[in-house]
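Spelled out, the chains give:
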Amino acid sequence: MCVQDTPAQAGVALDTAAQAGPVRGTPVRGTPAQGGFAPADGPAPGDAVVSSGGAASRTARAGAWAELLRLPALFTVPGDALAGAAAAGVRPGPRTLLAIGSSLCLYEAGMALNDWADRAEDAAERPHRPLPSGRIRPAAALTAAGALTGAGLALAARAGQPALAVAAPLAATVWAYDLALKHTPAGPAAMAAARGLDLLLGAAATGGGTRAALPSAALLGSHTLAVTAVSRRETTGGSALAPLAALATTGVLTRLVTHRRTRLPAGRWAAAAPGLPGSNPGEGTPRAAGALATALGAAYAATAARPYVHAALNPSPPLTQRAVGGGIRATVPLQAALAARSGAIATSLLVAALAPAGRMFARRAGMRKVSIT
């Protein structure tokens, strides 16, 4: 599920940086980039000097591909399928793993395709990126996008016909966004649709249907729409309207996730028959799920709101980029809150753990910022 100029990006949700990869002994500094279905993209891991040849050359190539594919952003992807499975009221299983694999492939396809489609623009505005800098050939990026799309659809097919029925329009949305819609008024809506479809993919693969997951998909899509709208001013700044709208959207989503009674899909507590130990659905686990959803909703608001406020007060490019990064990072606690809202406590905690894991990966990879368009 990758769509993003970003946005994805995916975001990621994590501190990622648009790597400015090493080019034959010349120090290069990265700047924000664009990516897959959630806004997510990363700028360069800092200045690097790499000599040509041997192991250094292989390391440089691997670093260029890691930059192109915005690897830290991948930590924002599994939560889509897991939240979808929770919304469907089904315990995650092997088909959920297939859906996650499909999502990861489609997300990375969108990242590679994003840079291929923007190669001329990047040559003028972001010459440090892998394609304009010559570290990766455009044909290789396009081939990777096609291969990853095929792999994503194949994994969805293995998960069953319902999953493939969602993955196919998801893949089409990713390609349409990168090739035609990114710079049009329909761009943010396309990115939001991709993220929502990604959540529905998890529901379809795990439970065979998507109807119960539609509300969660709408909430996640709304968040992605807001972040993507902010990302369109990432390099120019100058607009307080988009951060203000994103801030309002964050407030509404937080209220919906934390102040509405946790909705438990049919059958969620079927195994907890009245009278059995710990089986009181009115006083036990549902109450804990509601408390967890509230805590995670608060974490979501805290992650996204502050940088939006700063960008609204001073819509400069650096603060706008920070707002986009905050929105991307907020994706993970929102996914976890949606899972908790559906009564899936274990799934919610698993999703929430992706945030620190992503930050750790980003630090080790030297990618500390995240960007969308």
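In this report, the structure presented in the accompanying data block is examined. (Residues numbered from 1 in each chain as written. Predicted model: local features only at pLDDT ≥ 70, side-chain atom pairs only at ≥ 80, totals over all residues. Heavy atoms only, no water.)

With that settled, the discussion passes to the overall build of the protein chain. A tally of helices and strands in the protein chain yields 14 helices and zero strands. In the protein chain, the succession of α and β elements from N to C terminus is α-α-α-α-α-α-α-α-α-α-α-α-α-α. Accessible area of the protein chain: about 14,400 Å², with a carbon and sulfur share of 63%. (Helix = DSSP H or I, 4+ residues; strand = E, 2+ residues; numbered from the N terminus. Areas by Shrake-Rupley, 256 points an atom, 1.4 Å probe, with all protein chains shown as cover.)

Here the focus is unusual backbone geometry. The phi angle at arginine 70 is positive, at roughly 50 degrees, despite the residue not being glycine. One can find arginine 70 in the loop between α1 (54–69) and α2 (78–88).

Time to look at the pattern of salt bridges. Inspection of every chain in the model, using the stated rule, returns ten salt bridges. Across the salt bridge formed by aspartate 115 and arginine 129, the nearest N and O atoms sit 3.9 Å from each other. One end of the pair, aspartate 115, is in helix α3 (residues 94–117); the other, arginine 129, is in the loop between α4 (119–125) and α5 (138–159), and 14 residues separate them in sequence. With respect to class, aspartate 115 is no different from arginine 129; both count as buried. (Salt bridge = Lys/Arg side-chain N within 4 Å of Asp/Glu carboxyl O. Buried < 20%, exposed > 50% of the residue type's maximum accessible area, 1.4 Å probe, protein only.)

Overall, aspartate 115 belongs to the buried group, its relative accessible area being 2%. One polar contact links aspartate 115 to asparagine 114, side chain to side chain, over a distance of 2.9 Å. (Polar contact = N/O pair within 3.5 Å; in protein donor to acceptor, adjacent residues only side chain to side chain.)

A full pass over the atoms with the stated rule returns one aromatic pair. Here the basic side chain of arginine 119 rests over the ring of tryptophan 116, its NZ or CZ set 4.3 Å away from the ring centre. (Phe/Tyr/Trp six-rings, centres within 6.5 Å; stacked < 30°, edge-to-face > 60°. Lys NZ or Arg CZ within 6 Å of the ring centre and 35° of its normal.)

Further remarks concern the nonpolar core. As a rule of thumb, nonpolar side chains are buried together in soluble globular proteins. Within the largest apolar cluster, 54 residues are counted, with the highest numbers of intra-cluster contacts made by Leu170, Leu199, Leu201, Val230, Tyr308 and Leu338. Broken down by element, this core gets its largest block of residues, eight residues, from helix α7 (residues 187–207). (Core = buried A, V, L, I, M, F, W, Y, C linked by side-chain atoms within 4.5 Å.)

It is worth spelling out helix α6 (residues 161–181) at this point. In a regular helix each residue adds 1.5 Å, so 21 residues correspond to 30 Å; α6 covers 28 Å between its end C-alpha atoms and thus fits that length. When we look at burial in α6, the residues that qualify are Ala163, Val166, Ala167, Leu170, Ala171, Thr173, Val174, Tyr177 and Asp178. The secondary structure elements touched by the buried residues of α6 are α3, α5, α7 and α8 (214–231). (Expected span 1.5 Å × (residues − 1). Contact = heavy atoms within 4.5 Å.)

All right, on to the packing of helix α12 (residues 331–341) against helix α13 (residues 345–352) then. Close contact between α12 and α13 brings their axes to 8 Å; oriented N to C, the two are set at 175 degrees. On the basis of their axis angle, the class for α12 and α13 is roughly antiparallel. In contact with Val332, Gln335, Ala336, Ala339 and Ala340 of α12, α13 contributes Thr347, Ser348, Val351 and Ala352. By residue class, the composition of the contact of α12 with α13 is six nonpolar, three polar and no charged. (Axes fitted to C-alpha atoms, helices over the stretch in contact; angles between N-to-C directions. Parallel < 35°, antiparallel > 145°, perpendicular 65-115°, else oblique. Nonpolar A, V, L, I, M, F, W, Y, C, P; charged D, E, K, R; others polar.)

Turning our eyes to something else, we now look at the environment of leucine 148. Looking at the element boundaries, leucine 148 is found in helix α5. Taking relative accessible area as the criterion, leucine 148 reaches 22% and is therefore assigned partly exposed. Each C-alpha atom, one on leucine 148 and one on glycine 110, is 8.9 Å from the other, the two residues being 38 residues apart in sequence. Setting aside its immediate chain neighbours within four residues, leucine 148 contacts Leu69, Cys105, Leu106, Glu108 and Ala109.

The next thing to look at is α7. Here α7 is 21 residues long and its end C-alpha atoms lie 30 Å apart, about the 30 Å a rise of 1.5 Å per residue gives. In terms of burial, α7 is largely enclosed, as 18 of its 21 residues are buried. Backbone geometry just after α7 places glycine 208 at a positive phi near 85 degrees.

A few words on the environment of alanine 293. Tracing the chain through its elements places alanine 293 in helix α10 (residues 285–313). Taking the C-alpha atoms as reference points, alanine 293 and serine 348, separated by 55 residues in sequence, lie 8.6 Å from one another. The contacts of alanine 293, once residues within four sequence positions are left out, are Val257, Thr258, Ala337, Ala340 and Arg341.

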